[in-house]
Every structure is written in C-alpha cells, then in structure tokens.
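The primary structure of each chain is shown beneath.
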Amino acid sequence: LYICVFFIQFRLQLFTNSGKVCSKGAFNSCAECIVSGPNCAWCKKLNFTKTGEQEAVRCDTQENLKTRGCSETEIISPKNIQQATQKKPLTSSSSGSSDPVQIMPQEVKLELRPDMPETIELKFKRAEGYPVDLYYLMDLSYSMRDDLERVKSLGSEIVRVLQEITGGKGKARIGFGSFVDKTVLPFTNTNKEKLKWPCQDQNVQCQPPFGYKHVLSLTSEHQKFNDMVSKQFISGNLDSPEGGLDAMMQVSGRIGWGNSTRLLVLATDDGFHMAGDGKLAAILDPNDEKCHLDRENLYTKSNLLDYPSVGQLAMMLDKSNIQPIFAVTENVKSVYTELQKMIPKSAVGVLSGNSDNVVKLIKDAYSSLSSSVIVTHDTLPDTLSVAYKSNCPGGDKPGEEGICDKVGIGQEVTFYVQVTAKECIKPVSFNVGPRGFTEKMRVTVTTRCECECDDPPMKDNPHCNGKGQVKCGTCSCEEGYLGQRCKCSAGQRDEEQLRRECRKDNGTECEGRGDCVCGVCQCHETEGGKTYYGTHCECDDEHCHKYKSLLCGGNGRCRCGKCECNPEYEGNACHCKKSNEQCKTGQTVCNGRGTCQCDQCQFLFLYMEAGPFQKNCSQACPTTKVKVVDRLTLSTEAKKCEVKDSKNCWMDFTMEELQGFDNYSVEVLREQRCPEPPNIVAIVAGSVAGVALIGLLILLIIKALIYIKDAKEWKNFQNEKKKSKWTNVSSIVH
C-alpha cells in the first residue's frame, strides 16, 4: 500500500513538474486537435509534415510545435473569451424608487474550449436599505390561541424592526397567512358539528378547520396587518402534526413577493406532516408544487394532494429565494433543527409561551441569515461544471458553493466562479447568485470547437494537386479524391473502405508504422534509418533476438523480426553452433541416449505402450528387451525406476545395462499405481445437497428480511398510534 501511495505521489509530482501536455492521437484536422485537450495546438504551416508522417504530428503543445519550426503566427490555439455586461453599477443603499444593485457583473457570455476552465469574478455588496418582505405564517390549531392574541398587535413592531435592521431606509412589507391541517380523517374530526366548531371551549370564538388560508398580501401598511390578523380566530384538528409544509408550499407561489429579501416566518408548537402521510387518508396523488388558491384565498386541493416532501419544499423555497424562519416552541425545537439542515438559508428560533419574543426572534434570525452569503447556481447539464472560491476567510478551497460569513452592510466580497465545458455543447444559459436574493448573474456558455485559420480562398490549390483547398495547413479534397495531397481517386469506394485495406486483422492502420494512401500502406522509416516493409508495414529488420548484445548473435541476419542463421549456427538468436563436440563422451554423442541440441544433450525417454513411441515401440527401441512381470526380479545391479505415463499412472520398472552397444534389459511391473477415479455418485450427491442447502439458506434470508421489514413497519405503526390522539365523536380536539 505504501509503495502504491509513493508511486501515485511520484506520478502526480512528475505530472505537475512536466508542464503542459497534449495527448497523442490520430487527429487529422485542426478541429479534432483543439477539442482533444486544452493544451493542444495545431500548426497550419504548409509542408510541416515530413514524407511518410501523418497529419497528427501537427497537433502538439505550442512549445513543442515552436521547437519543430512552427512560428507563433502559424500556431492555432483558441483561448477562452469572456464578455461581461454591467447594466447598473453597485450601489451602497436604496435611493428613491430604484432598487439597489448588489452584484456585478449582471450578465456574462463565455466562449470556452473544452476542458479549459474560465473564471468569472462575481462581486457582491450588501446594500443599506435593501427591501424586505416578511410573511407571517401561523399555526391556528387550538394550542396556539394565546400566541394569536399576541400576534394581533405585532404589525407595527415587526415593520419597525425590519426598517431598523436594514439601516432605516428599507422598504419593509409584511403579510399574513394561517394553516391547520387537511380536513379529512384521521387528521381532522369530520363530524358535521366538529367541522363547524372544532374548539373545546364553547366560550371562545372558533372557525372551521382548513388546510391553508392566505389572509393578507405583502403590504407596508402595518395597521392593515393588525386589522386583518385581529379578525382571525383559532381552529382545531385531531392529531398533533400539522399541515405546515403544505402551507409553506403554497406561500412560495403567488402572494405578492417583490424584488427583495424574502422572509417566511412559520410559527407553530407542533411537528409537521410530510409526503406519504396523506396515504392515511387515501390521498395518493403526490404534491404537484403548484399554487392552488381560490377567490377566497383558500388552498383548494388540500384534501386531494399529498403533503410535499422536504426535498420538494427545499427546492421551491430556493427557487423562489425565500428564507424560512422557524419560530417554534421548545418542545419541537429539535425537530425543526433537523429540518433546518435540509433547507438552505433557514433559521430556527424558540418562541416563548405566548410569542412575546417573536420580534426579537425575527431580528436575530434575519441578522444571521443576511450576514451569511451563499452563492450557487441553477441546475446544470452534465457537460458543464462550476466551482467556487472567494476572498473570504477559508474561501481559497474550491467547492460546490461560494460561502462568506459575517458580511456587513456596505461590505464588498468577491467570489471566483470557475466554469468548465467538458465537451462541445450547444449554447446553454444559467443563473449564478446569492441565495435569498432575487438578483442573479446570467451566464451564457458556448464552446469553441472550430479553428479560425484565415486561409485565403484558392480554387484548385497546387498544394492539393489541384483537387482541393488548403484549410489550416491540410488539404480539404474535392468529392472523389482522398489523401494528404488529394492524389488518391476514390472511385466507387469511400475513405473508410480504403482505410480498412490498410488494417491487418482489423488492427491499427498500417500497424502505426505508415500512411494509408489509396488503400496501400506507405511505410515510415525505422529508428535506425531503414524502412518498415510488408503489406501492412508489419516487418522490420531491427527487432530480433539478441545474444551478447548482438542482433542474432552476430551469426545471422534479422528478417521481419526473425533471425535467419548462417549455415553453421542455429537457435532463435543464432547463438548455437551446429556441432556435437560439447555433447560427446569419447566418441559417443550423449552416450547414445539422446541428441545434441544447442550444445546440450536432450535425452530420449522410453514409455511402455504410451508416449510418442506407443505405436512403434519395438522398431524405435530394437536393442531393448522388455518383459512385463508381476514382481521385479532383476539383479541388484539393475536400477529401480518409476515414471508417470500419459494416463497419469506411475509405472515401476528396473533397467539393467547388458553387454554390447545400446543393449538393455527392462522389467516392467504389471500393476500400475493409478489415481483413483472420481466418485461420480459422491460428486452428484454433494452437488445436489449443496444446491439444496444454498436454496434453503436463501429462503431463510428472504424470510428474515421479510420478518425484519414487518417488525419495522409494526414498530412504526405502534409509534404513530402512540402519537395519535384518537377520540370518539364527542371528544375534545387538539
């Protein structure tokens, strides 16, 4: 592992220190070259390629092309182009009727080479007096009756605080809405009397339950807020979780949001229903993320659509630049703290028993949200990537978002937005900007995938054999002509057919050692100055076996990768003399028991009724007397041997040398020691038992998974049952 880590670090360091690199490939045009990598450039110089070279050599780094004689003016290497537009300058505060400008630039057009990143400097400056819209969304279930009485007189105080925290110049507007829950079982008691009067106390004013009601659109008239809220009454429902997410989804729609900081205050003392809970009331259609308010500003599809998921709500709030503030009681703080982690630019504050501290809570939450600037972008296609840095503390590391904390009013910060196109794409636009603000920078991206070589038009260019025009240093041939200089008449064949004739076994064109011209390989020179040859340039005379650092041992010549030895030599490197001198003992070669090959004895082995001499044993070994016996009886001078035959059996025999040349007596033991054959019955029985055991284990695993799932669902059901407050028709509701 340590070796691997060291090797990777070494390669990374080598890559870092090696400068710009352009990958090699079969690039036959300038366009193919520049899209292959951001460091690749193309030389448009005429006659830049040597005889036998492919046009791909024109594609390299600028430094390498200059080294090979291509001048600066002859090198094509498109750069990124950035054009920024600022319609309005940054402003420090709101002036008159015009809205302050907090980002610069407001529009950027990029022309990018694939894989070449481009950085945009996005400046953001918090303006004093930036407009603020606050929508107060209140839970009107029965347990919130004390809080409602307190909120009825908060309009002027909330507006005053909003103006104060925006520098006294802000245009603060306030709106109001309320919610309870879906008016179907098991969320609400559907008894007719309970639908008319869901409250437990007959002496308080009470209104029928509802899903969500938009009461007051955003207005700067704080007295109107007090008047409208004072007309609201408490309501009730059955279970503890409320329809808060349902209401927030509707608030993200058409309630009069302006070009401002948008705050949504959710005041509640209980948890919330979410996607899937609607199935308890047989509501199966998912939330469609649309606004459904009638003329009386009631949510009309509360009992038809399921609650939204947290992901749906987070997406809609982000899309609408709404920053939620969860003003909740202590008993559910932990629930909404977890929700805050899943919804960007949100805050949680704890309400007092009757909401006395709601104004301070809003002030603290707004200060926290507005001082944290998070820059992000719309959804992008897979072909684009965006990364962020900033000049804020800790902003030097690239990330998926740009984050600056504790940004004060009038303070300017800079975000570095790096945009990269991974390939050639059609024009695409997206928005970049700080979360919670309506101002965005519009970015439009196109790609530079063509070369601008400015070639003078010349019909029948002599460089192209009068059959084409020069484009970026190469010939663009007329129809019916092919090749580097348009010298090949294609006839009825297209270029691909001609190129196939230059490929051996569908391999590399001319084995990578030549050019395909009119379906025939024109071979390149070798490193040693000779020329590759063969139909597909597959042969050369420089790559054969060597002996003592000499090609073919100096005793032959290399021909198409193989050594052709001189008459007196042999071996794959011509390193052996054709002589028996090194194998002789006296006058006998290998003691008459083998042959001399490359100065070494290769012995002949004898096998009884097996091996290479099985069919002509007696003719191959006429001086050997073989006798098959039940017991070996030769004298003690005989050597006892054993050998494994072609059937994998051990054969025991004794061998005694007799008088005379190449004369032997051999006794072979009749009984051979063979391995026991496989037990077919045991194998089949074991296989069947193994399959049965595996099947049984799979069934047990499936059964266990089903049991675990059922147990989990039963536990969830029991928990839900404990949370639910089931009552009879005359019971008192929540």
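Structure report, in brief. (Residues numbered from 1 in each chain as written. Predicted model: local features only at pLDDT ≥ 70, side-chain atom pairs only at ≥ 80, totals over all residues. Heavy atoms only, no water.)

**Describing the sheet that holds strand 2 (residues 59–60)**
Item 1. Strands sit in the order 2-1-3 across an open sheet of 3 strands; the sheet is antiparallel. Looking along the sheet, the strands with just one partner apiece sit at the ends: strand 2 and strand 3 (75–76). (Pairing = 2+ DSSP bridges. Helix = DSSP H or I, 4+ residues; strand = E, 2+ residues; numbered from the N terminus.)

**With respect to the environment of V470**
Item 1. Within the fold, V470 resides in strand 20 (residues 468–471).
Item 2. A residue is classified by how much of its surface remains accessible, and V470, at 13% relative accessible area, is buried.
Item 3. For the pair formed by V470 and M458, sequence separation is 12 residues and the distance between their alpha carbons is 7.8 Å.
Item 4. Not counting residues within four places of it along the chain, the set of residues in contact with V470 comprises L46, D455, N461, H463 and C464. (Buried < 20%, exposed > 50% of the residue type's maximum accessible area, 1.4 Å probe, protein only. Contact = heavy atoms within 4.5 Å.)

**So, the packing of aromatic side chains**
Item 1. Under the definition given, this model contains 8 aromatic pairs.
Item 2. For the pair F176 and F225, a centre-to-centre distance of 5.9 Å together with 80 degrees between the ring planes defines the contact as edge-to-face. Residue F176 is located in strand 9 (residues 172–179), and its partner F225 is located in helix 7 (residues 222–230); the two are separated by 49 residues in the primary sequence. Both residues of the pair, F176 and F225, count as buried.
Item 3. Ring geometry for F187 and Y307: centres 5.7 Å apart, planes at 85 degrees, overall edge-to-face. With F187 in the loop between strand 9 and helix 6 (192–196) and Y307 in the loop between strand 11 (261–268) and helix 9 (310–319), this residue pair connects regions lying 120 residues apart in the sequence. Here the two residues F187 and Y307 agree in accessibility, since each one is buried.
Item 4. Members of the aromatic cluster, connected to one another through ring pairs, are F124, Y130 and F437.
Item 5. When the ring centre of Y307 is taken as reference, the NZ or CZ atom of K182 above it lies at 4.6 Å.
Item 6. One residue, K213, lies across the ring of F210, its end atom 4.9 Å from the ring centre. (Phe/Tyr/Trp six-rings, centres within 6.5 Å; stacked < 30°, edge-to-face > 60°. Lys NZ or Arg CZ within 6 Å of the ring centre and 35° of its normal.)

**Digging into helix 5 (residues 155–165)**
Item 1. If you check which residues of helix 5 are buried, you get G155, I158, V159, V161, L162 and I165. Seen end-on, helix 5 carries its buried residues on one side only, within an arc spanning 160 degrees.
Item 2. For helix 5, the secondary structure elements touched by its buried residues are strand 8 (132–139), strand 9, helix 7, strand 11 and helix 11 (358–371). (Arc of directions from axis to C-beta.)

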